[in-house]
Amino acid sequence: ELAKNAAYIGTPGKGILAADESTGTIGKRLASINVENVEENRRALRELLFTAPGALQFISGVIFFEETLYQKTASGKLFVDVLKESGVLPGIKVDTGTVVLNGTNDETFTQGLDGLAQRCQKYYEAGARFAKWRAVLKIGTIEPTELAIQENANGLAMYSAICQQCGLVPIVEPEILVDGPHDINKCAAVTERVLAACYKALNDHHVMLEGTLLKPNMVTPGSDSPKVAPEVIAEHTVRALQRTVPPAVPAVVFLSGGQSEEEATINLNAMNKLKTKKPWSLSFSFGRALQQSTLKAWGGKAENVAKAQEAFLVRCKANSEATLGTYKGDAKLGEGAAESLHVKDYKY
Amino acid sequence: ELAKNAAYIGTPGKGILAADESTGTIGKRLSSINVENIEENRRALRELLFIAPGALQYLSGVILFEETLYQKTASGKPFVDVLKEGGVLPGIKVDKGTVELNGTNGETFTQGLDGLAQRCQKYYEAGARFAKWRAVLKISANEPTELAIQENANGLAMYAAICQQCGLVPIVEPEILVDGSHDIQKCAAVTERVLAACYKALNDHHVMLEGTLLKPNMVTPGSDSPKVAPEVIAEYTVRALQRTVPAAVPAIVFLSGGQSEEEATLNLNAMNKLQTKKPWSLSFSFGRALQQSTLKTWSGKEENVKKAQDALLVRCKANSEATLGTYKGDAELCEGAAESLHVKDYKY
């Protein structure tokens, strides 16, 4: 079942909507459109996304924050049921955030292992079929350190093993922040080192790779470095994956980091156009890069819901095409689609 | 150049002839056909192999022992030139055999790092373009131990890095001996653990995977266990590789272990018939499994050379078809082709 669900998430033409912003993080998003951070508004935003006409056909999974897993539409239908009826697997964020590693220059490890098995069982009963855990690394003069890489890889592996025992497909997310003045080659070297450590740890912990997904950063120059073409990002990214990700992994679902909606889509598209060995499907697990223009179009107003849902459909369709390498860059750009979503030292 | 040569060795329809038996080992082969172990006989045997009409078209590489690298045909042409003219890359065995690991139950590590760079340079000048280093592990109650896995993986990675610096494509050979009463699942688990350790070590040592080859054991039941069908061996083997070998590795060239000529060919064929993700070509690097019937047919007699060369051609062609999944098992079986070549605790 794990392998079946993992493979389904990587279905060509589909990808993941990351709607798992914690209460604090979603508060920042709501504040940016002058909406109060109360449960009803959080619920309304997610309902807007999940009931957007035509959008779910392009989505294979949605990652929830715990609160949302139990929420319902205004008419009383559970969100998980809305998703299931449209062939979308519900997922759940299970980590509880990052904590600074002693003796490092603000490197972190991710918490959430305590009682994880019990929580996963509950989530499975509530309908979740996959989980997500975000490990964070950064590139600095001496970072990431071996300690940070090992601790985060080990945490990801422990979490993954527990998830699989509970029937949840673990998304392995070792995000290397884009912050910094480093070039794309540095990012590639670090990404390869980190991914190699992750897969060694997964092997040590007897995790079945066919029942996992990878959610990595794309390989790009640092945020303080000049941009490069999507083809260059595609080449460096796919090569890094070829060097580290075993073919048994069914799909790689990229995070968007601070990229704008359009950038993220175009980069993903370039990867899928590349003619080279790609034994895993390449898709998306976007949060900001799927919701930005939707959020702006909504502005918290009921009368804007249809317009906002259209904006969301535009991005879903564009990213669906990007997984097939057929995106022509002609998605009607909603306000904000080309806007960088980079926030320094982004904390979820 | 490394990537180009590595990819060439994995050309579908071709594979490697492992003719790198050390003086001691080839002595055992020669004595089995009552031939004296002197340089001229060793030379004559290798000449028989390298000039066998029609055989070289099925080979992309030949691994040589140091002595052979500098030998010539009876008419004075260096063997490396014979190979090059036949489109075959010369390779060189560079390890110096195994030594017991202190405190273990007969586990070993492989020597040969001292002065390796200088030796590799010499070999490159002599025409070698790839190298081979055999690490040996065994399966038993407590084996392989973490120490044995780490030491052998590290040795392979050090050797591989040095080779690449000298322009030689390193064949990474972590042989897990077939000896034992374990079942195929046990072999699979150990193989996956060992290969994961190897690729972590290769990453740690900054080895460029595109310029390497892997020479693993097939995943089979232990020699004291009941045999299974080629399809089963193919499934377990390819799955183990999917779980551990990054797509950047261009080709996997199996060792034959103690398998008979026909077994090895049938198993390789079954793997290439499997419809599943295989981002590396699957080929052969056979020693005994290519030479056994040739040796018996020759028996050291001049008048048998042509018949012996015919026997070699039969096996080369059969294995070539096996790399394409088109072998029909109809190679005229010479005396010895179905004979198991297993020798307990085989020492090269």
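Computed from a predicted model, the values in this text were never measured in an experiment.

Quick look at the interface of chain B and chain A
Facing the 24 residues of chain B at the interface are 23 residues of chain A. A buried area of about 1600 Å², summed over both sides, lies between chain B and chain A, and 56% of it is on carbon and sulfur atoms. Considering only the surface of chain B that becomes buried against chain A, K200(B), R243(B) and K277(B) emerge as the three largest contributors, covering 33% of it. The interface formed by chain B and chain A includes two salt bridges. Note that R243(B) is salt-bridged to E210(A), the shortest N-O span being 2.9 Å. Mapped by element, the contributors of at least two residues to the side of chain B that touches chain A are helix 8 (184-204) and helix 9 (230-244) of chain B. In terms of residue count, helix 8 of chain B provides more of the side of chain B that touches chain A than any other element does, six residues in total.

Quick notes on the pattern of salt bridges
Counted under the stated rule, the structure contains 41 salt bridges over all chains. Note that R315(A) and E262(A) form a salt bridge whose closest N and O atoms lie 2.9 Å from each other. Of the two residues, R315(A) is situated in helix 12 (residues 305-324) and E262(A) in helix 10 (residues 261-273); the sequence distance between them amounts to 53 residues. What makes E262(A) buried here is its relative accessible area of 10%. Measuring nitrogen to oxygen at the nearest pair gives 2.5 Å for the salt bridge that ties R43(B) to E47(B).

Regarding the environment of V314(A)
Residue and element names in this part refer to chain A. Mapped onto the elements, V314 comes out in helix 12. Judged by its relative accessible area of 17%, V314 falls in the buried class. Between the alpha carbons of V314 and T294 there is a distance of 9.4 Å; along the sequence they are 20 residues apart.

Focus: unusual backbone geometry
Cis geometry is found at the peptide bond from E143(A) to P144(A), where omega equals 0 degrees. Even without a glycine there, the phi angle at H206(A) is positive, about 55 degrees. If you check the backbone angles, N34(B) has positive phi at about 55 degrees while not being a glycine. Its location among the elements puts N34(B) in the loop between helix 2 (23-32) and helix 3 (39-50). Looking at N34(B), the relative accessible area reads 73%, which means it is exposed.

Quick notes on the environment of L48(B)
All names here are of chain B. Assignment of secondary structure puts L48 in helix 3. Here L48 falls in the buried class, since its relative accessible area comes to 3%. Sequence separation between L48 and N34 is 14 residues; the distance between their C-alpha atoms is 17 Å. With sequence-adjacent residues up to four places away left out, L48 is seen in contact with T294, W298, V305, A308 and Q309.

Cut-offs used in this document
- Residues numbered from 1 in each chain as written.
- Chains lettered and ligands numbered in written order.
- Predicted model: local features only at pLDDT ≥ 70, side-chain atom pairs only at ≥ 80, totals over all residues.
- Heavy atoms only, no water.
- Contact = heavy atoms within 4.5 Å.
- Buried area = accessible area lost by both parts, 1.4 Å probe.
- Salt bridge = Lys/Arg side-chain N within 4 Å of Asp/Glu carboxyl O.
- Helix = DSSP H or I, 4+ residues; strand = E, 2+ residues; numbered from the N terminus.
- Buried < 20%, exposed > 50% of the residue type's maximum accessible area, 1.4 Å probe, protein only.

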